[in-house]
Amino acid sequence: MKAMSRSDVTPNSSETKRMDRLITAWALVGVGSTLVIAVVRLSARGWETVTNGLSPIEWVVLALTSTVFFYGEGVMALERRWVPHVVNRARELRRKSGAAVRIGAPLYAMGLIGAPVPKLIRTWLGVCAIVAAILIVRAFAEPWRGIIDLSVAGALAWGTIALIRSFPDALS
């Protein structure tokens, strides 16, 4: 018996819809897993800093940076801009037939592959900026590094929650 390919399936068949949902889910689970790993690693370092004790001014800085990162990055950047973009790109995979794009679905959803050149340049410059920020923050002395790490973890956790909340709509 011959294996069924996408071209052998009518556009509205249940097999095609199931495969489309699977690819979309793979894209979103892959992206979500990346966020969860970052949240776990950053929050562990931040929590260690907090449990080692903070001075009153350090608590104020933690509260301020957490608020700024949570709202600015978690809500405004991740929830309102990045997550909808990731979901739309994950849905676009339904119209793609290349195996490489489907295997790299999380990268495609984040816009790291398969996007127009200007978008690829912006996205990869964003990745470079994130790497630069990581390297800069790693040079901070404790407790400042832990404070920033915990604040970023809060923002990324909110972005993860936003991605999880979008999952049912993305699969429809």
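Here is a short report on the structure shown in this document. (Residues numbered from 1 in each chain as written. Predicted model: local features only at pLDDT ≥ 70, side-chain atom pairs only at ≥ 80, totals over all residues. Heavy atoms only, no water.)

Here's the deal with the overall build of the protein chain
For step 1, the next point in the chain: Regarding its fold elements, the protein chain presents six helices and zero strands.
For step 2, the next point in the chain: Listing each helix as α and each strand as β along the protein chain from the N terminus yields α-α-α-α-α-α.
For step 3, the next point in the chain: Based on the C-alpha atoms only, the size of the protein chain along its principal axes is roughly 70 × 30 × 30 Å.
For step 4, the next point in the chain: The 172 residues of the protein chain split such that 35% are buried.
For step 5, the next point in the chain: A separation of at least 24 residues holds for 74% of the contacts in the protein chain among residues at least 6 apart in sequence.
For step 6, the next point in the chain: Total accessible area computed for the protein chain in this model is approximately 10,400 Å², and 70% of it derives from carbon and sulfur atoms. (Helix = DSSP H or I, 4+ residues; strand = E, 2+ residues; numbered from the N terminus. Buried < 20%, exposed > 50% of the residue type's maximum accessible area, 1.4 Å probe, protein only. Contact = heavy atoms within 4.5 Å. Areas by Shrake-Rupley, 256 points an atom, 1.4 Å probe, with all protein chains shown as cover.)

Let's talk about the packing of helix α2 (residues 56-92) against helix α6 (residues 144-171)
For step 1, the next point in the chain: Contact geometry for α2 and α6: axes closest at 7 Å, N-to-C directions at 30°. Taken together, the axes of α2 and α6 are roughly parallel relative to one another. For the element pair α2 and α6, the recorded crossing hand is right-handed.
For step 2, the next point in the chain: Here the contact of α2 with α6 is built from residues that sort into 20 nonpolar, seven polar and six charged. (Axes fitted to C-alpha atoms, helices over the stretch in contact; angles between N-to-C directions. Parallel < 35°, antiparallel > 145°, perpendicular 65-115°, else oblique. Left-handed = near helix turned anticlockwise from the far one by under 90°. Nonpolar A, V, L, I, M, F, W, Y, C, P; charged D, E, K, R; others polar.)

Concerning the nonpolar core
For step 1, the next point in the chain: Ranked by size, the top nonpolar core spans 23 residues in total, and within it Leu28 and Leu163 carry the most contacts.
For step 2, the next point in the chain: Listed by contribution, the elements that provide at least two residues to this core are α1 (14-51), α2, α4 (105-109) and α6.
For step 3, the next point in the chain: What leucine 163 contacts, discounting residues up to four positions off in sequence, is Leu28, Val31, Gly32, Leu35, Val83, Val86 and Val87. (Core = buried A, V, L, I, M, F, W, Y, C linked by side-chain atoms within 4.5 Å.)

Re the side chain of serine 166
For step 1, the next point in the chain: Structurally, the position occupied by serine 166 is in helix α6.
For step 2, the next point in the chain: For serine 166, a relative accessible area of 14% corresponds to the buried category.
For step 3, the next point in the chain: Beyond its immediate sequence surroundings of up to four residues, serine 166 is in contact with Val83 and Val87.

Quick notes on unusual backbone geometry
For step 1, the next point in the chain: Here the bond from glutamate 142 into proline 143 is cis, since omega is 10°, no more than 30 degrees from zero.
For step 2, the next point in the chain: Relative to the elements of secondary structure, proline 143 occurs in the loop between α5 (117-138) and α6.

A short note on the pattern of salt bridges
For step 1, the next point in the chain: Counted according to the given criterion, the structure contains seven salt bridges.
For step 2, the next point in the chain: Among the salt bridges present, the one from arginine 45 reaches aspartate 149, with a minimum N-O distance of 3.5 Å. Placement of the pair is arginine 45 in helix α1 and aspartate 149 in helix α6, with a sequence separation of 104 residues.
For step 3, the next point in the chain: For aspartate 149, a relative accessible area of 7% corresponds to the buried category.
For step 4, the next point in the chain: A salt bridge links arginine 165 to glutamate 79, with the shortest nitrogen-to-oxygen separation between them at 2.6 Å. With arginine 165 in helix α6 and glutamate 79 in helix α2, this pair connects stretches of sequence that are 86 residues apart.
For step 5, the next point in the chain: Sharing partners across several salt bridges, the network here consists of Arg45, Glu142, Arg145 and Asp149. (Salt bridge = Lys/Arg side-chain N within 4 Å of Asp/Glu carboxyl O.)

The values are spatial; any link to function lies outside them.
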